[in-house]
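Here's the letter readout for the chains.
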Amino acid sequence: MDLDAVRTFVTAADAGRFQEAAVELAVTQQAVSKRIAALERTLGVRLFTRTPRGAELTIDGQAFLPHARELLRVAERAVASVRTGRRPLRVDVIASRGAATGLMRGFHRAHPGIDLDVVMLFDIESAVAAIRSGTIDASFRAVAAPGRPLPEDVESVRVLDEPLQLLTGPGHALAGARSVTLARLAGHRIWMPGIVPGTEWAAYYDDLVAEFGLTIEATGPNFGSDALLDTIADTPALATFMGEHTSLVWPAGLGLRRIPVTDPTPVYPHALLWHRDNPHPALATLRAHLATTTAGHDATGTWTPGWAIPR
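Residues numbered from 1 in each chain as written. Predicted model: local features only at pLDDT ≥ 70, side-chain atom pairs only at ≥ 80, totals over all residues. Heavy atoms only, no water.

Peer 1: What's the story with the pairing of strand β5 (residues 138-141) in this structure? I'm lost.
Peer 2: Each regular strand shows side chains that alternate between the opposite faces of the sheet. Side chains Ala 138 and Phe 140 of β5 all project onto a buried face; the interleaved residues Ser 139 and Arg 141 project onto the opposite face, where all are buried too. Looking at chain direction, strand β3 (residues 89-92) and β5 are connected through 2 bridges and run parallel. From the neighbouring strand, Val 91 faces β5, where its bridge partner is Ala 138. With 4 bridges joining them, β5 and strand β12 (residues 265-275) adopt antiparallel strand pairing. By the bridge assignment, Phe 140 is partnered in β12 with Leu 272. (Buried < 20%, exposed > 50% of the residue type's maximum accessible area, 1.4 Å probe, protein only. Helix = DSSP H or I, 4+ residues; strand = E, 2+ residues; numbered from the N terminus. Pairing = 2+ DSSP bridges.)

Now the structure itself:
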């Protein structure tokens, strides 16, 4: 159905004269008549009756008028949902309990008037494609794995270096340590079933293993964080890595330990990605917020793979 014709019908119904409707719509009276006639043909009914006083709605016209108004309201809401500056800022955070979610919660507290849509995409290819298509405005990622540079139209800035911690159950040999060096982890089994080959986090842990001779196992199905915590708590031979800002709560009875890793401290480099031509005003606000609230990078005593540095 032609929305211009529907809008013309509503305007003419409110004005009571085709001539006044033409003035309000900035078109000719002939154009108004043609639009109304086309709409009548589409509907198969007469909408107006011409009278000496102007144009009066027929019974069918009176029945159609409230629906026509609703059509125009729905169309306006549809346009507003994608109009830059009026639609929510859409941001990919990868996981609901990760560091990126914490950053976005901080942004929302600082700017409660900005509408947000938070989504969770799986891999960097999906995120970059969504950024380039305009499906999302930004994504938190570890930039790109080796050999897969970002497209020229996608910008990135490093926003958070998140230290890794060792998570053990109460029976693990390192459970009583206040901190543990990377060298001391050699020979211990670190179980991380959430690692998926080809992802940027898989590339990160591949480099960590190659650099420090660690044993990281990704075997078995990934049943989620609750199952991971239960297994770590019950298996003295297993430990896992967890980001310092990962928000997980577990029952006190599990006896889990979060132990800082040092000498050096491996940090996961979170970056914000966006399209260079994205005009959403809230995107600039988010970037400014992150620039002022996140810590410096490449601090002394930390390690991150070289490929994670944004270009």
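Peer 1: Just to check I follow, could you spell out the pairing of strand β1 (residues 48-51) for this structure?
Peer 2: By the bridge criterion, 4 bridges tie β1 to strand β2 (residues 54-57) in an arrangement that is antiparallel. Counted as the bridge partner of Thr 51 is Gly 54 from β2. A loop of 2 residues connects β1 with β2, the two strands running antiparallel in sequence.

Peer 1: Mind showing me how you'd approach the layout of surface pockets here?
Peer 2: Rolling a probe over the atoms, with the probe sized like a water molecule, indicates the empty space that remains. Here the largest pocket defines a volume of roughly 1,100 Å³. Taken together, 34 residues form the lining of the largest pocket, with Ile 94, Ala 95, Gly 194, Trp 201 and Thr 246 sitting closest to its centre. Looking at the lining of the largest pocket, the elements that each hand over two or more residues are α5 (99-110), β6 (154-168), α7 (200-212), α8 (225-234), β10 (238-243) and β12. Looking at the lining of the largest pocket element by element, the count peaks at 4 residues for β10. Grouping the constituent residues of the lining of the largest pocket by class yields 21 nonpolar, 10 polar and 3 charged. What the second largest pocket holds in volume is close to 170 Å³. Lining the second largest pocket are Ser 96, Arg 97, Gly 98, Ala 99, Thr 101, Gly 102, Leu 103, Arg 105, Leu 160, His 245 and Ser 247. (1 Å grid on protein atoms, 1.4 Å probe; cavity = no way out; pocket = protein on both sides within 12 Å on 5 of 7 lines; lining within 4 Å. Points joined across faces, edges and corners; volume = space filled by probe spheres on them. Nonpolar A, V, L, I, M, F, W, Y, C, P; charged D, E, K, R; others polar.)

Peer 1: Mind showing me how you'd approach the nonpolar core here?
Peer 2: Nonpolar side chains tend to gather and get buried jointly when the protein is soluble and globular. One finds Leu 166, Leu 185, Tyr 205 and Phe 241 to be the most contacted residues of the largest nonpolar core, which totals 24 residues. Counting residues per element, the ones that place at least two in this core are β6, α7, β10 and β11 (257-262). For this core, the element with the most residues is α7, which contributes 6 residues. Phe 241 has contacts with Leu 164, Gln 165, Leu 166, Leu 185, Ile 190, Met 192, Tyr 205, Leu 208, Leu 214, Ile 216 and Val 261, leaving out every residue within four places of it along the chain. (Core = buried A, V, L, I, M, F, W, Y, C linked by side-chain atoms within 4.5 Å. Contact = heavy atoms within 4.5 Å.)

Peer 1: Explanation requested: the packing of helix α2 (residues 18-25) against helix α3 (residues 29-43) in the structure shown.
Peer 2: Each pair of packed helices can be described by the angle between their axes along with the distance between the axes. Across the interface, α2 lies against α3 with an axial gap of 8 Å and an inter-helix angle of 105°. Put simply, α2 runs roughly perpendicular to α3. Packed against α2, whose contacting residues are Phe 18, Gln 19, Ala 21, Ala 22 and Leu 25, the element α3 presents Gln 29, Val 32, Ser 33, Arg 35 and Ile 36 at the interface. (Axes fitted to C-alpha atoms, helices over the stretch in contact; angles between N-to-C directions. Parallel < 35°, antiparallel > 145°, perpendicular 65-115°, else oblique.)

Peer 1: Would you mind showing me how to read unusual backbone geometry here?
Peer 2: Residues other than glycine predominantly adopt negative phi, and peptide bonds predominantly adopt the trans conformation. A cis amide bond links Asp 263 to the next residue, Pro 264, at an omega of -10°. Note that Pro 264 resides in the loop between β11 and β12. Phi at Ile 94 takes a positive value of approximately 70°, unusual for a residue other than glycine. Within the element layout of this structure, Ile 94 appears in the loop between β3 and α5.

Peer 1: I tried to follow the packing of aromatic side chains on my own but got confused; where do I start?
Peer 2: Two aromatic rings are characterised by how far apart their centres lie and by the angle between their planes. Following the criterion strictly, the structure yields 9 aromatic pairs and no others. Seen from their ring centres, Phe 122 and Trp 201 are 5.5 Å apart, and the 85° between their planes marks the pair as edge-to-face. Placement of the pair is Phe 122 in the loop between β4 (116-119) and α6 (124-133) and Trp 201 in helix α7, with a sequence separation of 79 residues. Overall, Trp 201 belongs to the buried group, its relative accessible area being 14%. The rings of Tyr 204, Tyr 205, Phe 212, Phe 241, Tyr 268 and Trp 303 are connected pair by pair, giving a single aromatic cluster. (Phe/Tyr/Trp six-rings, centres within 6.5 Å; stacked < 30°, edge-to-face > 60°.)

Peer 1: Before we go on, may I ask you to explain the confidence of the model for the chain in this structure?
Peer 2: Detailed reading of the predicted model is not advised wherever pLDDT is low. Looking at the chain, the pLDDT average stands at 90 and 95% of residues meet or exceed 70. Looking over the chain, one finds the lowest element-wise mean pLDDT in helix α4 (residues 59-82), namely 85, and the highest in strand β7 (residues 180-181), namely 97. (pLDDT = per-residue confidence, 0-100.)

Peer 1: I'm lost on the side chain of His 275 in this one. Help?
Peer 2: The topology assignment puts His 275 in strand β12. In terms of polar contacts, His 275 uses its side chain to reach the side chain of Asp 153, at 3.2 Å. At 3.0 Å, the side chain of His 275 forms a polar contact with the backbone nitrogen of Asp 277. Not counting residues within four places of it along the chain, the set of residues in contact with His 275 comprises Ile 131, Arg 132, Asp 137 and Asp 153. (Polar contact = N/O pair within 3.5 Å; in protein donor to acceptor, adjacent residues only side chain to side chain.)

Peer 1: Explanation requested: the pattern of salt bridges in the structure shown.
Peer 2: Taken as a whole and assessed by the stated rule, the structure comprises 12 salt bridges. A salt bridge links Arg 158 to Asp 161; its shortest N-O distance comes to 2.8 Å. The class of Arg 158 is buried, set by a relative accessible area of 9%. Among the ionic pairs, Glu 217 bridges to Arg 189, the shortest N-O distance being 2.9 Å. Pair noted here: Glu 217 is in strand β9 (residues 215-217) and Arg 189 is in strand β8 (residues 189-191), with a separation of 28 residues, a long-range link. Taking the relative accessible area as the measure of exposure, Arg 189 reaches 37% and is therefore partly exposed. Each of Asp 92, Arg 141 and Glu 200 takes part in one network of salt bridges that share partners. (Salt bridge = Lys/Arg side-chain N within 4 Å of Asp/Glu carboxyl O.)

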